[in-house]
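# Coordinates in review
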Amino acid sequence: MSKFIYLDNAATTKVKEEVYEAMQPYWKELYGNASSIYSFAGKSKKAIEDARETVAKFLGAKPEEIYFTGSGSESDNWALKAVAFAKREKGKHIITSKIEHHAILNTCEYLEKLGYEISYIDVDEYGVVKMDELKAAIREDTILISVMFANNEIGTIQPIKEIGSIAHEHGILFHTDAVQAYGHEPIDVNQLNIDMLSASGHKMNGPKGVGILYLRNSVKIGPFIHGGAQERGRRAGTYNTPAIVGFGKATEIAEREMDRRRNYETELRDYLIERVLSEVPYTRLNGHKTNRLSGNANFSFRFIEGESLLILLDQKGIAGSSGSACTSGSLDPSHVLLAIGLPHEIAHGSLRLTLSEENTKEEIDYVVEELKQIVERLRNMSPLYEDFVKSEKKQND
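Residues numbered from 1 in each chain as written. Predicted model: local features only at pLDDT ≥ 70, side-chain atom pairs only at ≥ 80, totals over all residues. Heavy atoms only, no water.

## Points about the overall build of the protein
A count of helices and strands for the protein gives 13 helices and 12 strands. Against the 2.2 N^0.38 benchmark of 21 Å for 397 residues, the protein shows a C-alpha radius of gyration of 22 Å, consistent with a compact globule. Expressed as lengths along the three principal axes of its C-alpha atoms, the size of the protein is roughly 80 × 55 × 35 Å. Among the 397 residues that make up the protein, the fraction classed as buried is 54%. Restricting the contact set of the protein to residue pairs at least 6 apart, pairs at least 24 apart contribute 73%. Positive and negative side-chain charges in the protein, numbering 48 and 58 respectively, have mean positions lying 3 Å apart. (Helix = DSSP H or I, 4+ residues; strand = E, 2+ residues; numbered from the N terminus. Rg over C-alpha atoms; globule rule 2.2 N^0.38 Å. Buried < 20%, exposed > 50% of the residue type's maximum accessible area, 1.4 Å probe, protein only. Contact = heavy atoms within 4.5 Å. Lys, Arg positive; Asp, Glu negative; His and termini not counted. Charge placed at Lys NZ, Arg CZ, Asp CG, Glu CD.)

Structure, rendered in structure tokens:
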């Protein structure tokens, strides 16, 4: 394949060269176990603590409030399960939204089997949590509100500060899954009233297999993995030093380049959206037009199947997705698109294109031209589209 255009950065991102170089010494040269007491291992320990300080600074947090994990999904699991178990004497009610990542939704389903009650809040047509419904769901026994910072499929950014304020007014802990937003949006946990936050390295040009959980010092919850004394006794297991170093370096770069990158990606994203909506008929943009992640564009094309679209795009060297990478094996329509009110037949025809600073306007032009041809080809094979065209023609005659 001569041409390859990667537009699936919400699924994973390429490790930056600077991150890769920072990780290298900790594979073969400085390979000591950071939990050991001799000086050789101390070099690994210092690298981990330096990364912790970098992450804390980025979030406006204290270093001792940052815990390294194996993924964003692990961090989500830890936050929900640990709060549920620690606060069960106060209550067993948790509030979340209908468009959360499955790391949250499936954990909530697990907790329901243990006797906890979950309120799943609706969103509006743009994917924004309905605040009146959230307020109305709060009860005396509510122990946690968990709402994602930005949606992984449609890119909509939630009113995090307001949600956190509401939670604190009622003495409720607030957790946000910030896996898609971390490194892409400015986040200050104190200004935004966040008690717990999950993030992942590979969504912001860091390595896979490493995440963080920000845990405010005042939040008293138990360990997630029992064993050794790592992470102050709350998350046992030998430190993945190279990955942690990579996470820290990726955070450093993200903070340094954020404004420039967001401005560039937003301009490119808006150019893509404008061309697709104006040149491909019977298409809609999913998510909020402006209050969305800078690199996210999600479309629904009537009368076609998203899977066929992805296959044909791949044949042209274009990598996109129809939704979350974690559910790519499912034939069910996106729960996010159903939650914003799309019928099944339109939700099935979705395409998520997520850009990075490495994409160019020339690439977007190529993608749009190929997309136009592919959509037309698939629609011409659709009996539903044929009936629709006949109906439209009849009405116009």
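Now that the structure is up, let's keep going.
## Looking at the layout of surface pockets
Considering only enclosed or pocket space, the largest pocket measures out at about 460 Å³ in volume. Only β1 (5-6) and α8 (241-279) provide two or more residues apiece to the lining of the largest pocket. The class makeup of the residues in the lining of the largest pocket is seven nonpolar, 14 polar and nine charged. (1 Å grid on protein atoms, 1.4 Å probe; cavity = no way out; pocket = protein on both sides within 12 Å on 5 of 7 lines; lining within 4 Å. Points joined across faces, edges and corners; volume = space filled by probe spheres on them. Nonpolar A, V, L, I, M, F, W, Y, C, P; charged D, E, K, R; others polar.)

## Details of the packing of helix α4 (residues 72-86) against helix α5 (residues 102-113)
Where α4 meets α5, the closest approach of the two axes is 9 Å, and the angle between their N-to-C directions is 30 degrees. When the axis of α4 is compared with that of α5, the two are roughly parallel. The element α4 and its partner α5 pack so that their crossing is right-handed. Contacts between α4 and α5 pair Ser73, Asp76, Asn77, Leu80, Lys81, Ala84 and Phe85 from the former with Ala103, Ile104, Thr107, Cys108, Tyr110 and Leu111 from the latter. Within the contact of α4 with α5, the residues separate by chemical class into eight nonpolar, three polar and two charged. (Axes fitted to C-alpha atoms, helices over the stretch in contact; angles between N-to-C directions. Parallel < 35°, antiparallel > 145°, perpendicular 65-115°, else oblique. Left-handed = near helix turned anticlockwise from the far one by under 90°.)

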